[in-house]
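What follows is each chain in one-letter form.
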Amino acid sequence: MSERRRRLGDGLTVLAGARPDVLAAAPGARPRFVALGGVLLSTGALAAVSAAFAVGMALGVWWPVALLVGLGWGAVVVNLDRMILVGMAHDASLKRNLVMAVPRVGLALVLGVVVATPLTLQVFSKEIDAEMVSMQAEAADAHRQSLEADTRFAGLPELEGRIAQQEAIVASGGAADTGLAVVRGTVAEKQAALDAAVTVSRQLEAKAQCELDGTCGTGDAGTGQAYLQARAAADAQAAVVDSTRAELDAAVAAVTAAEGRSASLAEGSLDRDRDELARLTAELDRLQAAFDAENEGSGGILLRLEALDRLGDENVTLAAAQFMLSLLFMCVEVLPVLMKLLLNFSPPTAYDRLVALRDSGDVDLEEMAQESRRTVAQAKEELLVLAERERVDRQKEAILARRRAALAEVTARAEAARAEPETAAAEAPAEPARQMWDTGPIRELAARTVRSVRRRPTDRVPTSV
């Protein structure tokens, strides 16, 4: 058990950025690095859980896959935090510590926000789910209204009203057609005229009857002049009644014919309008169903964040709890950097001094090694230069030797050439005395020229080496 704990502690110290060789010489710093490694490991675990929740909410993948992705993200966060800690060497200067800490704290805060957001959403998941249902319903209603206001479907209410009117016309045989109001008005006028004519006819009939009875008018019963006049007036009015009734019948027949035509036209248009209504309604329902399916499956992080924001606006207590929870998660993420920053302000420990000594010793050793390599390289260069000089000197000696040999050969050939004319002159007869016109030197020069031309190439004396 102790061996396992020791190995676990060694792993945590390495995770915290401790140097095992220096830590072996300064074991008192071990608990500090073990604690720092534990903090790094806790932040990585928190980041892994947060990433798993985020992947599960955003992509809806299987939880084991989301957990694997979360573990990968946790390893990345641990590596980033370790990089931040390793880069913050011990320094007692406040200014340098602040300069080093500000960007690292900023990076840690960004990581903290990224890690805290999915965890906060998971904590308030029930409230967010309820709010998302309301938001999705509002979005569905808004989309339905936008579709109904679309130019493709803007004529649906008018089309539905026209179909209802056509159905009423067909059902009533054309009587429900409001376009026949003028024709119906003519029937009403004719009916009123007939009623008036009938009333007048009845009055005249009553007057003729009372003249006949003697109960009115002249008071004389019988078919006198007054009766005949009253009868003639009643008969004339009866003709008017018949004429008015004929006109009324004609108007009623016209209305009946118009209603039949209207019912026939409405029945012909009804099928076309019903087909168009069915097509537009099906298209509208299809678009709405597609939006509803997308809307119901849009429970991603963005919608959940919007729902959480709306809940915070509506409920102050929830907003405060959300803020404090997010702050807690961010503090956990920033904690390693803050711990390292606080340790830098403390006096240097034995571990810090040993690290400085080891680093300076490594620098000195490297400088010595560099100087040795530089000296060896310089010596090699000098040896190469000397070797090259020796080779050049040997080449010069060889060239000079060949030149001396050539000069000696040329000298020997010249001496041999000088000895040959003297021997020839000693063996040759004496020349006769020259005459006044004899050009002796010219002839001798010509003879020398001829001898030089006849000489073989091997006997020629080189002019230069």
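Residues numbered from 1 in each chain as written. Predicted model: local features only at pLDDT ≥ 70, side-chain atom pairs only at ≥ 80, totals over all residues. Heavy atoms only, no water.

**Topic: the overall build of the chain**
Then, number 1: Scanning the chain from terminus to terminus reveals 13 helices and 0 strands.
Then, number 2: In sequence order, the chain lays out its α and β elements as α-α-α-α-α-α-α-α-α-α-α-α-α.
Then, number 3: Scored against the burial criterion, the 465 residues of the chain give a buried share of 27%.
Then, number 4: Entry remark: accessible area of the chain is about 29,800 Å², with carbon and sulfur atoms responsible for 62%. (Helix = DSSP H or I, 4+ residues; strand = E, 2+ residues; numbered from the N terminus. Buried < 20%, exposed > 50% of the residue type's maximum accessible area, 1.4 Å probe, protein only. Areas by Shrake-Rupley, 256 points an atom, 1.4 Å probe, with all protein chains shown as cover.)

**As for the environment of Tyr-227**
Then, number 1: Assignment of secondary structure puts Tyr-227 in helix α9 (residues 225–296).
Then, number 2: The class of Tyr-227 is buried, set by a relative accessible area of 12%.
Then, number 3: Considering only alpha carbons, one finds Tyr-227 and Glu-211, 16 residues apart in sequence, at a separation of 5.1 Å.

**Quick notes on the packing of helix α4 (residues 63–86) against helix α11 (residues 316–345)**
Then, number 1: Packing of α4 against α11 leaves a shortest axis separation of 10 Å and a crossing angle of 15°. In terms of their interaxial angle, α4 and α11 are classed as roughly parallel. In this structure, the crossing between α4 and α11 has a hand that is right-handed. Where α4 abuts α11, its residues Val-77, Asp-81, Ile-84 and Leu-85 lie against Glu-333, Pro-336, Val-337 and Lys-340.
Then, number 2: Each residue belonging to the contact of α4 with α11 can be placed in one class, and the counts come to 5 nonpolar, no polar and 3 charged. (Axes fitted to C-alpha atoms, helices over the stretch in contact; angles between N-to-C directions. Parallel < 35°, antiparallel > 145°, perpendicular 65-115°, else oblique. Left-handed = near helix turned anticlockwise from the far one by under 90°. Contact = heavy atoms within 4.5 Å. Nonpolar A, V, L, I, M, F, W, Y, C, P; charged D, E, K, R; others polar.)

**Considering the nonpolar core**
Where a protein is soluble and globular, its nonpolar side chains tend to be buried together.
Then, number 1: With 20 residues, the main nonpolar core has Phe-124, Ile-128, Leu-308 and Phe-329 as its most contacted residues.
Then, number 2: Contributing elements (two or more residues each) for this core: α3 (30–59), α5 (94–123), α6 (125–148), α10 (301–314) and α11.
Then, number 3: Residue contacts for Phe-124: discarding those within four places in its chain leaves Leu-308, Leu-318, Ala-321, Gln-322 and Leu-325.
Then, number 4: If you look at the next biggest cluster of nonpolar residues, it comprises 14 residues, including Leu-15, Ala-18, Phe-33 and Leu-40. (Core = buried A, V, L, I, M, F, W, Y, C linked by side-chain atoms within 4.5 Å.)

**Quick look at a nonpolar patch on the surface**
Then, number 1: A cluster of nonpolar residues, Leu-98, Val-102, Leu-342 and Phe-345, forms a patch on the protein surface that exposes about 400 Å² of accessible area.
Then, number 2: Listed by contribution, the elements that provide at least two residues to the nonpolar patch are α5 and α11.
Then, number 3: Looking at the secondary structure, you find Phe-345 in helix α11. (Patch = residues over 30% accessible without salt bridge, like charges linked within 9 Å, V, L, I, M, F, W, Y side chains within 5 Å. Salt bridge = Lys/Arg side-chain N within 4 Å of Asp/Glu carboxyl O.)

**Here we look at the environment of Thr-186**
Then, number 1: Considering the arrangement of structural elements, one finds Thr-186 in helix α8 (residues 181–213).
Then, number 2: Separated by 61 residues in the primary sequence, Thr-186 and Glu-247 have C-alpha atoms spaced 9.8 Å apart.

**So, the pattern of salt bridges**
Then, number 1: Enumeration over the complete set of coordinates arrives at 12 salt bridges.
Then, number 2: Between Arg-144 and Asp-285 there is a salt bridge whose closest N-O contact spans 3.6 Å. Of the two residues, Arg-144 sits in helix α6 while Asp-285 sits in helix α9, which places them 141 residues apart along the sequence.
Then, number 3: Residue Arg-144 is classed as partly exposed on the basis of its relative accessible area, which comes to 27%.
Then, number 4: The exposure class of Asp-285 is partly exposed, given its relative accessible area of 38%.

**Some details on the packing of α6 against α10**
Then, number 1: Remark: α6 packs on α10, axes separated minimally by 9 Å, with the N-to-C direction vectors making an angle of 100°. Considering their axes alone, α6 and α10 lie roughly perpendicular with respect to each other. For the pair formed by α6 and α10, the contact residues are Ser-125, Glu-127, Ile-128, Asp-129, Glu-131, Met-132, Met-135, Gln-136 and Glu-138 on the first element and Leu-303, Arg-304, Glu-306, Ala-307, Leu-308, Arg-310, Leu-311 and Glu-314 on the second.
Then, number 2: Looking at side-chain class alone, the contact of α6 with α10 contains 7 nonpolar, 2 polar and 8 charged residues.

**With respect to a negative patch on the surface**
Then, number 1: A grouping of Glu-306, Asp-309, Asp-313 and Glu-314 is seen on the molecular surface, where their side chains present a negatively charged patch.
Then, number 2: Secondary-structure assignment places Glu-306 in helix α10.
Then, number 3: Given the relative accessible area of 43%, Glu-306 is considered partly exposed. (Lys, Arg positive; Asp, Glu negative; His and termini not counted. Charge placed at Lys NZ, Arg CZ, Asp CG, Glu CD.)

**Some remarks on α11**
Then, number 1: The largest bend along α11 measures about 45° and falls at Val-334, with the proline Pro-336 one to four residues further on.
Then, number 2: Burial in α11 covers these residues: Leu-318, Leu-325, Ser-326, Phe-329, Met-330, Glu-333, Val-334, Pro-336, Val-337, Lys-340, Leu-341 and Asn-344.
Then, number 3: At the N-terminal end of α11, a side-chain oxygen is found 3.0 Å from the backbone nitrogen of Thr-317, two or three residues along, and the residue is Asn-315. (Bend = angle between axes of the 7 residues up to and from the residue. Polar contact = N/O pair within 3.5 Å; in protein donor to acceptor, adjacent residues only side chain to side chain.)

**A few points about the confidence of the model for the chain**
Then, number 1: On average, residues of the chain score 76 in pLDDT, and 81% of them reach the 70 mark or higher.
Then, number 2: Considering each helix and strand of the chain separately, the mean pLDDT is smallest for helix α13 (residues 440–454), with a value of 46, and largest for α4, with 83.
Then, number 3: Confidence drops under a pLDDT of 50 for residues 457–465, and excluding neighbours within four residues, the segment shows 10 contacts in the predicted structure. (pLDDT = per-residue confidence, 0-100.)

**Examining the side chain of Thr-244**
Then, number 1: Take Thr-244: it is sitting in helix α9.
Then, number 2: The residues contacting Thr-244, other than those within four sequence positions of it, are Lys-190, Ala-193, Leu-194 and Ala-197.

**A closer look at the side chain of Ser-50**
Then, number 1: The topology assignment puts Ser-50 in helix α3.
Then, number 2: Using a relative accessible area of 2% as the deciding quantity, one classes Ser-50 as buried.
Then, number 3: Leaving out residues up to four positions away in the same chain, Ser-50 has contacts with Val-114, Val-115, Pro-118 and Leu-119.

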